[in-house]
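Chain and residue survey
Listed below are the residues making up each chain.
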Amino acid sequence: MADWKEGVRRVLYPAYEARMLRKIDSSKLPKHVGVMLDGNRRWAKEVGQSTAHGHRAGAANIEPLLSWCDEIGIEVVTLWLLSTDNLNRPAEELAPLLEIIADAVDSLADVRRWRLHPVGALDLLPDWLSHRLKAAEEATRDVDGMLVNVAVGYGGRREIADAVRALLNEHATRGTSLEELAQIIDVEHIADHLYTKGQPDPDLVIRTSGEQRLGGFLLWQSAKSEFYFCEAYWPDFRRTDFLRALRAYAHRERRLGR
């Protein structure tokens, strides 16, 4: 029965997806999409597999997502692969997860289709992992393709604290006093020191697994973002789910505070 249903999906879904894509106004597509890849562990539990199996299944779904984004002309994608809180997980779970993330980023770099940019507190990561993330960025620096932010060891509060710290250090080297800085500082000064400096803020943020909270993802950048919460666990997130998110986004009236 399961094989029969899967066969029907393979026949019907492409036609359904093509029709849905035709109905989305191309002028209302997002330029920057943030994705919270959530639900790997719960997916693994439901299918009776190990946590590591769930993380590997989730990693295997990253390249298809980026291909879907490429297909419709999205310029920037930010993938949240590991939070600062995740670094507190038990060593027996964290160690294989870090290896899976490193292998996934290496694979994306090998494709040489997208420019990779690690964002996060890399100093909190093991040296070997931060080196591999930086190597992937360097290997894709000259690729003329979509920019993919790989958020590893990322936390929104930590990012804002790091931005303020960098701003203070910059002005300290210039000899600016705290009193002088207090008179001139504005939101753009902080934005210029974020991990994503120089990039457009996300228009759309997608979170899988049914959770309806940010959890610290792009706290500063998502102030005017639209949010889409999907019930599917990340390993089960399909192109159909992605197109539904785009359709929901295109149907919203973005007043942006005006």
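The protein chain is annotated in an unreviewed UniProt entry as Isoprenyl transferase of Nocardioides panzhihuensis. For the protein chain, the Subunit (unreviewed entry) comment in UniProt is given as "Homodimer." Reading the Function (unreviewed entry) entry of the UniProt record for the protein chain gives the comment "Catalyzes the condensation of isopentenyl diphosphate (IPP) with allylic pyrophosphates generating different type of terpenoids."

**Focus on the environment of glutamate 226**
With respect to the element layout, glutamate 226 can be found in strand E6 (residues 226-229). The exposure class assigned to glutamate 226 is buried, which follows from its relative accessible area of 17%. In this structure, the C-alpha to C-alpha distance between glutamate 226 and aspartate 241, residues 15 residues apart in sequence, is 16 Å.

**A look at the UniProt feature "active site" (unreviewed entry) in the protein chain**
In this numbering, the UniProt entry assigns the feature "active site" (unreviewed entry) to Asp38 and Asn86. Taking the farthest pair of C-alpha atoms as the criterion, the annotated set spanning 49 residues converges on one region, since that pair is 12.0 Å apart. Considering only the annotated residues already named, the ones lining the largest pocket are Asp38 and Asn86. Positionally, aspartate 38 belongs in the loop between strand E1 (32-36) and helix H2 (40-46). Within the fold, asparagine 86 resides in the loop between strand E2 (76-83) and helix H5 (91-111).

**Focus on the UniProt feature "binding site: substrate" (unreviewed entry) in the protein chain**
UniProt tags Gly39, Asn40, Arg41, Arg42, Trp43, His55, Ser83, Thr84, Asp85, Arg89 and Arg207 as "binding site: substrate" (unreviewed entry). Those annotated residues that line the largest pocket are Gly39, Asn40, Arg41, Arg42, His55, Ser83, Asp85, Arg89 and Arg207. As for its placement among the helices and strands, tryptophan 43 is situated in helix H2. Relative accessible area serves as the criterion here: at 57%, aspartate 85 is assigned to the exposed category.

**Section: unusual backbone geometry**
The phi angle at serine 209 is positive, at roughly 85°, despite the residue not being glycine. Look at serine 209 and you get buried, because its relative accessible area is 8%. For leucine 218, which is not glycine, the phi torsion reads 45° and is therefore positive.

**As for a positive patch on the surface**
A cluster of basic residues, Arg19, Arg22, Lys23 and Arg247, forms a positive patch on the protein surface. Secondary-structure assignment places lysine 23 in the loop between helix H1 (2-22) and E1.

**Considerations on the packing of helix H3 (residues 51-60) against H5**
The N-to-C vectors of H3 and H5 enclose an angle of 15°; their axes lie 10 Å apart at closest approach. Relative to H5, the element H3 lies roughly parallel. Two packed elements cross with a definite hand, and for H3 against H5 that hand is right-handed. Across from Thr51, Ala52, His55, Arg56 and Ala59 in H3, the residues of H5 making contact are Glu93, Leu97, Ile100 and Ala104. Among the residues forming the contact of H3 with H5, the class breakdown is five nonpolar, two polar and two charged.

**With respect to the nonpolar core**
Counting 50 residues, the largest nonpolar core has Leu65, Leu66, Leu79, Leu81, Leu82, Val152 and Phe242 as the members making the most contacts within it. Contributions of two or more residues to this core are made by E1, helix H4 (62-72), E2, H5, helix H6 (127-139), strand E4 (147-154), strand E5 (204-207) and helix H10 (239-251). In terms of residue count, H5 provides more of this core than any other element does, eight residues in total. Residues in contact with phenylalanine 242, not counting those within four places in the same chain, are Leu65, Trp68, Cys69, Ile72, Ile74, Ile206 and Phe237. Ranked by size, the runner-up nonpolar core spans 10 residues in total, among them Trp80, Ala121, Tyr154 and Val205.

About the thresholds
Residues numbered from 1 in each chain as written. Predicted model: local features only at pLDDT ≥ 70, side-chain atom pairs only at ≥ 80, totals over all residues. Heavy atoms only, no water. UniProt positions renumbered as here; feature names shortened; annotations may be inferred. Helix = DSSP H or I, 4+ residues; strand = E, 2+ residues; numbered from the N terminus. Buried < 20%, exposed > 50% of the residue type's maximum accessible area, 1.4 Å probe, protein only. 1 Å grid on protein atoms, 1.4 Å probe; cavity = no way out; pocket = protein on both sides within 12 Å on 5 of 7 lines; lining within 4 Å. Patch = residues over 30% accessible without salt bridge, like charges linked within 9 Å, V, L, I, M, F, W, Y side chains within 5 Å. Areas by Shrake-Rupley, 256 points an atom, 1.4 Å probe, with all protein chains shown as cover. Salt bridge = Lys/Arg side-chain N within 4 Å of Asp/Glu carboxyl O. Lys, Arg positive; Asp, Glu negative; His and termini not counted. Charge placed at Lys NZ, Arg CZ, Asp CG, Glu CD. Axes fitted to C-alpha atoms, helices over the stretch in contact; angles between N-to-C directions. Parallel < 35°, antiparallel > 145°, perpendicular 65-115°, else oblique. Left-handed = near helix turned anticlockwise from the far one by under 90°. Contact = heavy atoms within 4.5 Å. Nonpolar A, V, L, I, M, F, W, Y, C, P; charged D, E, K, R; others polar. Core = buried A, V, L, I, M, F, W, Y, C linked by side-chain atoms within 4.5 Å.

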